[in-house]
Amino acid sequence: MPPKIELDITALRHPDSFKWTRYPADVLPLWVADMDFAIAPSIKQALVDRLNSPIGYHASPDALSELLHQKLQKMGISGIPTAGISFINGVVQGLYAAVAGITSPGDSVLTMTPIYPPFLSAITDQGREAHLVPLKQSENSWLIDWSAMEAAVTPTTRLLMLCHPHNPTGRAWARAELEQIANFARKHNLVILSDELHADLTLDGPFVPFAAAADREMQMRTVTLTGPCKTYNTAGLSIGAMFSHNLDLLSKMKRAIYGIGSHPATLSFTMWHAALRDDGQWLAQVLNQLRDNRETLRKFISERLPIVRFSPPQATYLAWLDCRNSAQAGDIQKYLLENAKVALNPGTDFGPGNEGFARLNFATSPVILNEALESIATALE
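Our subject in this report is the structure included herewith. Note that this is a predicted model, so its numbers are computed, not measured.

1. Structural notes on the pairing of strand 12 (residues 318–322)
Alright, step 1. For strand 12, the tally of buried residues reaches five of five residues, placing the bulk of the element in the interior.
Alright, step 2. Residues Leu318, Trp320 and Asp322 point to one face of strand 12 and Ala319 and Leu321 to the other, with burial holding for every one of them.
Alright, step 3. Where strand 11 (residues 309–310) meets strand 12, two bridges bridge the pair, whose relative direction is antiparallel. By the bridge assignment for strand 12, arginine 309 is matched with aspartate 322.
Alright, step 4. Inspection of the sheet shows strand 12 paired to strand 15 (residues 357–361) by five bridges, in the antiparallel sense. Considered in strand 15, the bridge of leucine 318 is made with asparagine 361.

2. Regarding the sheet that holds strand 3 (residues 108–113)
Alright, step 1. Sheet architecture is open: seven strands sit in the order 2-10-9-8-7-3-4, paired in mixed fashion. In this open sheet, the two edge strands, each paired with only one partner strand, are strand 2 (85–88) and strand 4 (129–134). For this sheet the average axis-to-axis angle between neighbouring strands, irrespective of direction, equals 20°.
Alright, step 2. Where strand 7 (residues 157–163) lies against strand 8 (residues 191–195), five bridges are found, and the strand directions are parallel. Within strand 8, the position partnered with cysteine 163 by the bridge is aspartate 195.

3. Some points on the sheet that holds strand 15
For sheets, the rule is that strands pair by backbone hydrogen bonds, running either parallel or antiparallel.
Alright, step 1. The antiparallel open sheet is built from four strands, whose spatial order is 11-12-15-14. In the strand order of this sheet, the two ends are held by strand 11 and strand 14 (345–346), each with one partner.

4. Notes on the pattern of salt bridges
Alright, step 1. Following the criterion strictly, the structure yields 14 salt bridges and no others.
Alright, step 2. Across the pair glutamate 150 and lysine 187 runs a salt bridge, and its minimum N-O distance is 3.2 Å. With glutamate 150 in helix 7 (residues 146–152) and lysine 187 in helix 8 (residues 175–187), this pair connects stretches of sequence that are 37 residues apart.
Alright, step 3. Measuring nitrogen to oxygen at the nearest pair gives 2.9 Å for the salt bridge that ties aspartate 204 to arginine 294. Remark: arginine 294 occurs in helix 14 (residues 281–304) and aspartate 204 occurs in the loop between strand 8 and helix 9 (210–213); sequence separation between them is 90 residues.
Alright, step 4. Residue classification places aspartate 204 among the partly exposed residues on the basis of a relative accessible area of 39%.
Alright, step 5. Each of Arg186, Asp215 and Glu217 takes part in a single network of salt bridges with overlapping partners.

5. Description of the layout of surface pockets
Alright, step 1. Approximately 700 Å³ is the volume attributed to the largest pocket.
Alright, step 2. The wall of the largest pocket is formed by 27 residues, among which His14, Asp34, Met35, Ile39 and Asn233 lie closest to the centre.
Alright, step 3. Among the secondary structure elements, those contributing two or more residues to the lining of the largest pocket are helix 1 (9–12), helix 2 (18–21) and helix 3 (41–50).
Alright, step 4. Among the residues making up the lining of the largest pocket, the classes are represented as 15 nonpolar, five polar and seven charged.

What counts and how
Residues numbered from 1 in each chain as written. Predicted model: local features only at pLDDT ≥ 70, side-chain atom pairs only at ≥ 80, totals over all residues. Heavy atoms only, no water. Buried < 20%, exposed > 50% of the residue type's maximum accessible area, 1.4 Å probe, protein only. Helix = DSSP H or I, 4+ residues; strand = E, 2+ residues; numbered from the N terminus. Pairing = 2+ DSSP bridges. Axes fitted to C-alpha atoms, helices over the stretch in contact; angles between N-to-C directions. Salt bridge = Lys/Arg side-chain N within 4 Å of Asp/Glu carboxyl O. 1 Å grid on protein atoms, 1.4 Å probe; cavity = no way out; pocket = protein on both sides within 12 Å on 5 of 7 lines; lining within 4 Å. Points joined across faces, edges and corners; volume = space filled by probe spheres on them. Nonpolar A, V, L, I, M, F, W, Y, C, P; charged D, E, K, R; others polar.

See below:
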């Protein structure tokens, strides 16, 4: 097993780091979804090499598109047309494109909460009605509430927005669950938008893409979003892709955002190309560290923070902490920021009904994670 990753806080707190400069220097930032780990050497070298040539417009995305087609085949997704991949600046742009291109003002869009905040703003910012279905909290996991899903869908519902793996709970939906989602969408004549940005950060078992679990009919009603920024820690090089078996759906989304967002930068193409050609050693080390950190978090909460309820995520590097049994539950994020000097994301950002929850990013070194956890325990005890 590779050695545990150790990090220099001074180096992390460089002036361009939004994560490490958003709060005062005495605060440990375990909030925004940005890993503390250095990027893969192969990506760094590819970027350095690219700088030896002029940085003009990118000539063609064909080479990157071919690599993505190959990756999708390995993931069990076959039959994507040559033109079935379209590059965008990132998945947030794709979320907005789906709502704008597939629905009309006054239509409703269905999604499950808690949810990554741009899911919510993509719906409400564009004059659509958000039908939000809370996930059910079981003893050790989070589950889809199918009765609530049936109650939430209406004749005006056009789109189901799925987060897979799910941010912030870390659920990687199983094939049987994905098939049930497909059947639900078929029954109600819905289009599926599946955000699979964290797919490569699955910690337990192989990842099953929604399009790989769907039959041909539902593949033609599905658009998937993907990108490298979470897996390879390159959020500053904005790029993503939306892909589908259905070129008409893709065209509607592309037209909806044409001229609003620019194309991805040349260095972003270089980065993703290098990531797809990487030998996998860097990612394997990162995944091992994330599994170790997840176990550290699970054990610490069990032994030192029994008032906090926590289901270890199956994917991502994000932990969704249920702090509702704490006396400070009313504003837990603010309380921990002021008293533990640890910055987390407040649960209220992820939809209504999430007061008392907080999201913790554990993609850091064991030293930083343990220091933050000790501070949280001291503050809550």
